[in-house]
Amino acid sequence: MGDVQGLVLHPRILTAVRKAKLHRYEEVLRFSPADLERLTHLSAKDVGHLVREVSEAVRQRSHAATALQLLLGDCPAELKVKFLSLGCPVLDEFLRGGVPCQGLTEISGESSAGKTQFGLQLCLTVQLPEEWGGLNAGAVYICTEDAFPSKRLAQMAQQFPTRGLVPVEVTKKIRFSDQIFVEHTADKDQLSKCIQSRLPILLERGVVKLVVIDSIAALFRGEYESRETARRAKDLQSLGAQLRKVSQKYSVPVVCINQVSAVVGKRRGNGNISSSQKVIPALGLVWSSLVTTRLMVTRTEHTVQCADGSPAVVRSLEVLFSPHLPNTTQYYIVDTQGVKGLR
């Protein structure tokens, strides 16, 4: 934060603080007044003066805003949360801008619900310029169970310019398939090594600004025995802390695709349960406490006709919990071009 010796304080106080080896603001503020008296051998009056001066220096350096200012965008640029577009105006409006660039966003659902389609589409939109909803960088796609769907990605990348979301001259300059880095991990140790070692290299260079993990549950469902619940919870917390640190340090969205578990019996009042009350996201409350925004995708029994005449299954995107979104549902389809919201 800052050097204590740069403050306007009595030389006696500065000398005592230097002898106590308290050089930075945070080193002073981490101690109670009684502890500071013991470390510096200063009087209670001098310690109170020291703490006030350090606190005032921190307050002046820090950017602060009220909740209303954050909502209206009337706050310093450092406090504004950026959003990554989903590549669909309807879905962006539903999510109030898209996927937030801070925190963990989870997309859970049953098999064939369309979870991977969201991950692939985000890998394309992140490469757009910021004025068109992207972050002007590539993406890292970490696969933990199935092979990376390269053919589907190539199809979506080829069709992306035809969606009319951005001018053709903008998409012509982007080689979508060349800026997606794919990593396959077979266990949690490999995933942790990737997050701690290889991923920061790309993030620090600004090469990528999106991390997608598909899926997070595959590494934790079969690796532990029933009696290893405590170790599993500890490993989940460690992984979640690593991902949150990456998102906060580099201001990049981290999207975790998750599987679901069947609901046994009738449960009420749980914000983790979808409106259908049939399935819940996997990995339990430990992982749930680490997620910032939780989305659930579901297939319905209805179909609509696409522009090319082919039928498409109607799916639902439900917000289970989020700090900035209400618990609502939006319907969408998946066609050859990608994910599209329905009005």
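Residues numbered from 1 in each chain as written. Predicted model: local features only at pLDDT ≥ 70, side-chain atom pairs only at ≥ 80, totals over all residues. Heavy atoms only, no water.

A.B. asks: Let's hear about the overall build of the protein chain: which residues, and what values?
C.D. replies: The helix and strand tally for the protein chain stands at 13 helices and 13 strands. In the protein chain, which comprises 343 residues, the proportion classed as buried is 47%. In the protein chain, of all internal contacts separated by at least 6 residues, the share reaching a separation of at least 24 is 64%. Here the protein chain displays about 18000 Å² of accessible surface, and carbon together with sulfur accounts for 51% of that area. Side-chain charges in the protein chain split into 43 positive and 33 negative, and the spacing between the mean points of these groups amounts to 2 Å. (Helix = DSSP H or I, 4+ residues; strand = E, 2+ residues; numbered from the N terminus. Buried < 20%, exposed > 50% of the residue type's maximum accessible area, 1.4 Å probe, protein only. Contact = heavy atoms within 4.5 Å. Areas by Shrake-Rupley, 256 points an atom, 1.4 Å probe, with all protein chains shown as cover. Lys, Arg positive; Asp, Glu negative; His and termini not counted. Charge placed at Lys NZ, Arg CZ, Asp CG, Glu CD.)

A.B. asks: Before we move on, can you summarise the packing of helix H1 (residues 11-19) against helix H4 (residues 44-61) with the specific residues and values?
C.D. replies: For the pair H1 and H4, the least separation of the axes is 11 Å and the interaxial angle reads 85 degrees. Taken together, H1 and H4 sit at an angle that is classed as roughly perpendicular. Where H1 approaches H4, its residues Arg12, Ile13 and Val17 are matched on the opposing element by Asp46, His49 and Leu50. (Axes fitted to C-alpha atoms, helices over the stretch in contact; angles between N-to-C directions. Parallel < 35°, antiparallel > 145°, perpendicular 65-115°, else oblique.)

A.B. asks: How would you sum up the side chain of Asp214? Please name residues and give values.
C.D. replies: In this structure, Asp214 sits in strand S6 (residues 208-214). The charged side chain of Asp214 is buried without a salt bridge, its nearest counter-charge being Lys115 at 6.7 Å. Reaching out from Asp214, the side chain makes a polar contact with the side chain of Tyr141 at a distance of 2.7 Å. For Asp214, the contacting residues outside a window of four places in its chain are Thr116, Tyr141, Ile142, Cys143, Thr144, Glu145 and Ile257. (Salt bridge = Lys/Arg side-chain N within 4 Å of Asp/Glu carboxyl O. Polar contact = N/O pair within 3.5 Å; in protein donor to acceptor, adjacent residues only side chain to side chain.)

A.B. asks: Lay out the packing of aromatic side chains in plain terms, naming residues and giving numbers.
C.D. replies: With the rule as written, the count across this model stands at three aromatic pairs. Ring geometry for Tyr141 versus Phe148: centroids 5.0 Å apart, planes at 70 degrees, classification edge-to-face. When the ring of Phe160 is compared with that of Phe176, the centres are 5.3 Å apart and the planes differ by 65 degrees; the resulting orientation is edge-to-face. Taken together, the residues Phe160 in the loop between helix H8 (150-159) and helix H9 (168-171) and Phe176 in the loop between H9 and strand S5 (180-184) connect sequence positions 16 residues apart. Judged on exposure class, the residue Phe160 and its partner Phe176 are both buried. (Phe/Tyr/Trp six-rings, centres within 6.5 Å; stacked < 30°, edge-to-face > 60°.)

A.B. asks: Could you give me a rundown of helix H7 (residues 115-125), with the residues and numbers involved?
C.D. replies: The buried fraction of H7 amounts to ten of the eleven residues, a majority that puts the element mostly inside the structure. For H7, the complete set of buried residues consists of Lys115, Gln117, Phe118, Gly119, Leu120, Gln121, Leu122, Cys123, Leu124 and Thr125.

A.B. asks: Give a detailed account of the sheet that holds S6, specifying residues and quantitative values.
C.D. replies: Strands pair in a sheet through their backbones, by hydrogen bonds, and they do so in one of two ways: parallel or antiparallel. The strand order across the open sheet formed by nine strands is S5-S4-S6-S7-S3-S10-S11-S12-S13, and the pairing between neighbours is mixed. Strand pairing shows two members of the sheet lacking a second neighbour, S5 and strand S13 (338-341), which therefore form its edges. For this sheet, the mean angle separating the axes of adjacent strands, direction not counted, is 25 degrees. Sheet topology places strand S12 (residues 329-335) next to S13; four bridges connect them, and they run antiparallel. If you follow Tyr332 over to S13, its bridge partner there is Gly341. (Pairing = 2+ DSSP bridges.)

A.B. asks: Any details on the pairing of S6? Residues and values, ideally.
C.D. replies: Put simply, side chains in a regular strand alternate between the two faces of the sheet. Buried residues dominate S6, accounting for six of its seven residues. Sheet topology places strand S4 (residues 138-143) next to S6; five bridges connect them, and they run parallel. Bridge assignment links Gly138 to a residue of S6, and that residue is Val208. In this sheet, strand S7 (residues 254-258) lies alongside S6 in parallel orientation, the contact comprising four bridges. Across the sheet, Asp214 pairs through a bridge with Ile257, a residue of S7.

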